[in-house]
Amino acid sequence: MTKSITITVRYFAAHREITGCSDETLFLAPGTTVGALWEMLTERYPRLAGYSGRLLFAVNQEFAASDHTLRDGDEVAFIPPVSGGALQPFVVTPDPLDPAPLVALVQAPDMGAIVTFVGVVRDNFGGRKTAFLEYEAYPGMAEAVLAQIAAEARARWQTGAIAVHHRIGRLEIGEMAVLVVVAAPHRREAFAAAEWIMDRIKEVAPIWKKEHWADGDAEWVGNEKERKR
């Protein structure tokens with residue numbers, strides 16, 4: 001007989017009111033995923049089904065995708081929309097980036113591949129030492145351009161959902177500057193779309209980068225394709 005695993009589910013806000021409890025302990029079959037657990041809970045508490053497709057998953061206080069396999073002792077939370085609203089796919093923000101919520105956002109049962117590209121601030125360019133980067137954007141227009149680029153990519157490669165988040169402000173070495181997450185039926189299309197999206201962002205999005213060098217100099221970066229690597 002296969003031994004079950006024990007997990008704790010935490011409920012917040014409207015979910016707590018629907019279930020009538022703030023947490024409960026469940027015994028699940030080994031191999032159960034977060035998504036499968038959510039489906040089980042919507043059968044037990046039918047009103048939860050209204051939140052399907054507009055919530056985030058968390059395991060042990062970290063965001064997780066719906067196909068994350070649960071382990072014995074895990075704590076699971078299903079995060080309903082917060083006061084700022086549902087997670088948006090195209091965002092320009094001064095806040096740190098996190099790929100896990102975007103993976104959960106684009107994931108779908110008919111998508112066999114999810115490609116995540118993370119642009120990270122590196123400590124050099126063209127043999128010159130970098131101290132930090134500074135990004136500036138025309139936020140409203142930039143977000144609209146990101147959405148348009150994604151729409152063109154979906155049409156060109158027949159992908160599923162796409163999400164793009166871009167940082168602005170001062171970024172230190174090692175911080176994430178941009179996230180491009182693409183879901184597609186197959187990996188080839190997902191990889192191709194992600195690469196093209198990143199190239200187009202650098203070409204047309206109203207987002208500007210200023211490179212601050214370790215020697216104290218600084219310069220606004222123009223067309224990066226013309227720069228020496």
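Each remark here, short or long, concerns the structure printed above.
I will try to describe carefully the structure that is included in this document. (Residues numbered from 1 in each chain as written. Predicted model: local features only at pLDDT ≥ 70, side-chain atom pairs only at ≥ 80, totals over all residues. Heavy atoms only, no water.)

## A look at the pairing of strand E13 (residues 207-213)
Our working rule: To sort residues, take the accessible area from a 1.4 Å probe on protein chains only and compare it with the maximum for the residue type: under 20% means buried, over 50% means exposed, and anything in between is partly exposed. By the criteria applied, helices consist of DSSP H or I runs no shorter than four residues and strands consist of E runs no shorter than two, each listed in order from the N terminus. Between any two strands, pairing holds if DSSP finds at least two bridges.
Of all seven residues in E13, five are buried; the element is thus mostly enclosed. The sheet contact formed by strand E9 (residues 128-137) and E13 spans seven bridges and is antiparallel. From the neighbouring strand, Tyr135 faces E13, where its bridge partner is Lys209. The sheet contact formed by E13 and strand E14 (residues 218-220) spans three bridges and is antiparallel. Of the residues in E14, the one forming a bridge with His212 is Ala218.

## Re a nonpolar patch on the surface
For the record, the criterion: Residues with no salt bridge and a relative accessible area higher than 30% make up the patches, which join like charges within 9 Å and nonpolar side chains (Val, Leu, Ile, Met, Phe, Trp, Tyr) within 5 Å. Computed by Shrake-Rupley with a 1.4 Å probe, the accessible areas treat only the displayed protein chains as cover when residues are assessed. For salt bridges, the criterion is a side-chain nitrogen of Lys or Arg within 4 Å of an Asp or Glu carboxyl oxygen.
Taken together, the side chains of Tyr138, Met141, Trp208 and Trp220 make up a nonpolar region of the molecular surface, amounting to roughly 460 Å² of accessible area. Along the chain, Trp220 turns up in strand E14. According to the relative accessible area criterion, Trp220 is partly exposed, its value standing at 41%.

## A word on helix H4 (residues 139-157)
What counts is decided by this rule: In this analysis, the expected span of each helix is defined as 1.5 Å times one less than the number of residues it contains. When we speak of the arc, we mean the arc of directions from the helix axis to the C-beta atoms. Should any heavy atoms of two residues lie within 4.5 Å, those residues are counted as being in contact.
Along its 19 residues, H4 runs 27 Å from first to last C-alpha, staying within 8% of the 27 Å computed at 1.5 Å per residue. Where H4 is concerned, the buried positions are Ala142, Val145, Leu146, Ile149, Ala150, Ala153 and Trp157. Buried residues in H4, looked at end-on, bunch into an arc of 140 degrees, giving them a common side. Residues of H4 that are buried sit in contact with strand E6 (90-93), E9, strand E10 (162-167), helix H5 (187-204) and E13. Immediately downstream of H4, the backbone of Gln158 shows phi near 55 degrees, a positive value.

## Looking at the packing of H4 against H5
Basically, it comes down to this: Note on geometry: axes are lines fitted to C-alpha atoms, helical ones only across the stretch in contact, with angles between N-to-C directions running from 0 to 180 degrees. What makes a crossing left-handed is the near helix being turned counterclockwise from the far one by less than a right angle; a clockwise turn instead makes it right-handed. Residues were grouped as follows: Ala, Val, Leu, Ile, Met, Phe, Trp, Tyr, Cys and Pro as nonpolar; Asp, Glu, Lys and Arg as charged; and all remaining residues, including Gly, as polar.
Axis separation between H4 and H5 bottoms out at 10 Å; the angle between their running directions is 145 degrees. You can see that H4 and H5 cross each other, and the crossing is right-handed. Residues Val145, Leu146, Ile149, Glu152, Ala153, Arg156 and Trp157 of H4 pack against Glu189, Ala192, Ala193, Trp196, Ile197, Arg200, Ile201 and Val204 of H5. Residues belonging to the contact of H4 with H5 are distributed by class as follows: 11 nonpolar, no polar and four charged.

## Points about unusual backbone geometry
Non-glycine residue Gln61 carries a positive phi angle of around 70 degrees. Residue position: Gln61 is located in the loop between strand E3 (56-59) and strand E4 (62-64). Look at Gln158: it is not a glycine, yet its phi comes out positive at around 55 degrees. Position of Gln158 among the secondary structure elements: in the loop between H4 and E10. By relative accessible area, Gln158 is classed as exposed at 56%.

## Considering the pattern of salt bridges
The tally for this structure, following the rule as stated, stands at eight salt bridges. Put simply, Arg44 and Glu24 hold a salt bridge, and the shortest N to O gap is 3.2 Å. Of this pair, Arg44 sits in helix H2 (residues 34-44) while Glu24 sits in strand E2 (residues 23-28); the two residues are 20 residues apart in sequence, bridging distant segments of the chain. By relative accessible area, Arg44 is classed as partly exposed at 47%. Owing to a relative accessible area of 14%, Glu24 belongs among the buried residues under this scheme. Here Asp217 and Arg128 are joined by a salt bridge, their closest N and O atoms 3.1 Å apart. One end of the pair, Asp217, is in the loop between E13 and E14; the other, Arg128, is in strand E9, with 89 residues separating them in the sequence. A relative accessible area of 43% means that Asp217 is categorised as partly exposed. What emerges from the salt-bridge pattern is a single network uniting Arg128, Asp215 and Asp217.

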